[in-house]
Amino acid sequence: MEIKIIFYSYTGITRGVAQKIQRACGGDLVEVKTVKPYSALTAYSMGCYRAMRGESDPIEPSVIDVSTSDLIVIGTPVWAFRAPPAINAAVEALSGCEGKSVILFATCGGQAKNTLSFLTEALAAKGVRVRGEFVFDKNEVENPAKIDVLIAAVKSVGGSEIKAAV
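The model shown is predicted, which means the values in this text are computed figures rather than measured ones.

Visitor: In this structure, what is going on with the environment of arginine 15? I would like to understand it.
Guide: Mapping arginine 15 onto the fold places it in helix H1 (residues 13-25). For arginine 15, a relative accessible area of 26% gives the class partly exposed. Separated by ten residues in sequence, arginine 15 and isoleucine 5 have C-alpha atoms that sit 10 Å apart. With near-sequence residues (within four places) excluded, arginine 15 lies in contact with Phe7, Ser9 and Glu31.

Rendered as structure tokens:
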């Protein structure tokens, strides 16, 4: 199975989870980066404001081709209870995604609220089916048992739909 693991990570936490998935399941890591990086000040002021509005930032890579992938995994931090502008742009940048399956995961300091439901809606508009949703707060990202549930979902995506608020 060809897996593409797409993520944005401002602090490195989301990157760490994405790397654990890759080590356990294989696949290609695609780290999305903003063309103009956020500073600590702009991430929590402009970045959060733009996230709340569902806006996108210019990113690299500007096109993410998933046409040869069987499964897409998308990892995002949570900014102001939403996906950051870089992940909104990554969803827009998906190419060859119609009919594909996705597993979403979010890392957050507290609650993700509607982060994954907004992403699910944006992905559905591109013809993508979300097969699993996972949220990890600041304590759960270091819990191997919690991460193992996500990894098991990635490995068994061919089965029935997985929805979990882990």
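Visitor: What should I look at first to understand the pattern of salt bridges in this one?
Guide: Oppositely charged side chains can form a pair if their charged atoms are brought close together. A full pass over the atoms with the stated rule returns five salt bridges. Measuring nitrogen to oxygen at the nearest pair gives 2.6 Å for the salt bridge that ties arginine 15 to glutamate 31. Linking arginine 15 in helix H1 with glutamate 31 in strand S2 (residues 28-31), this pair joins segments that are 16 residues apart in sequence. With a shortest N-O distance of 2.6 Å, arginine 53 and glutamate 55 are connected by a salt bridge.

Visitor: So what exactly am I meant to see when it comes to a nonpolar patch on the surface here?
Guide: Together, Met46, Tyr49 and Met52 make up a nonpolar patch on the protein surface, roughly 310 Å² of accessible area in all. Along the chain, the position of tyrosine 49 falls in helix H2 (residues 40-52). The exposure class assigned to tyrosine 49 is partly exposed, which follows from its relative accessible area of 40%.

Visitor: What should I look at first to understand the packing of helix H3 (residues 85-93) against helix H4 (residues 115-125) in this one?
Guide: Relative placement of two packed helices is described by the angle separating their axes and the distance separating the axes. Between H3 and H4, whose axes approach to 10 Å, the crossing angle comes to 20 degrees. Between H3 and H4, the crossing angle belongs to the class labelled roughly parallel. Here H3 and H4 pass one another in a crossing that is right-handed. Residues Ile87, Asn88 and Val91 of H3 lie in contact with H4, whose contacting residues are Leu119, Ala122 and Leu123. Broken down by class, the residue content of the contact of H3 with H4 amounts to five nonpolar, one polar and no charged.

Visitor: Is there a simple way to explain H2 in this structure?
Guide: Each α-helix turn comprises 3.6 residues. Residues three or four places apart therefore point the same way. Helix length check: H2, at 13 residues, gives a terminal C-alpha distance of 17 Å against a target of 18 Å (1.5 Å per residue), a fit within 8%. On its buried face, H2 sits against H3. At the C-terminal side of H2, glycine 54 shows a positive phi close to 75 degrees.

Visitor: How should the pairing of S2 be read in this particular structure?
Guide: Moving residue by residue along a regular strand, the side chains alternate between the two faces of the sheet. Here four bridges tie strand S1 (residues 3-7) to S2, and the two strands are oriented parallel to one another. Each residue of the ladder has a partner; that of isoleucine 6, found in S2, is valine 30.

Reading the values: the criteria
Residues numbered from 1 in each chain as written. Predicted model: local features only at pLDDT ≥ 70, side-chain atom pairs only at ≥ 80, totals over all residues. Heavy atoms only, no water. Helix = DSSP H or I, 4+ residues; strand = E, 2+ residues; numbered from the N terminus. Buried < 20%, exposed > 50% of the residue type's maximum accessible area, 1.4 Å probe, protein only. Contact = heavy atoms within 4.5 Å. Salt bridge = Lys/Arg side-chain N within 4 Å of Asp/Glu carboxyl O. Patch = residues over 30% accessible without salt bridge, like charges linked within 9 Å, V, L, I, M, F, W, Y side chains within 5 Å. Areas by Shrake-Rupley, 256 points an atom, 1.4 Å probe, with all protein chains shown as cover. Axes fitted to C-alpha atoms, helices over the stretch in contact; angles between N-to-C directions. Parallel < 35°, antiparallel > 145°, perpendicular 65-115°, else oblique. Left-handed = near helix turned anticlockwise from the far one by under 90°. Nonpolar A, V, L, I, M, F, W, Y, C, P; charged D, E, K, R; others polar. Expected span 1.5 Å × (residues − 1). Pairing = 2+ DSSP bridges.

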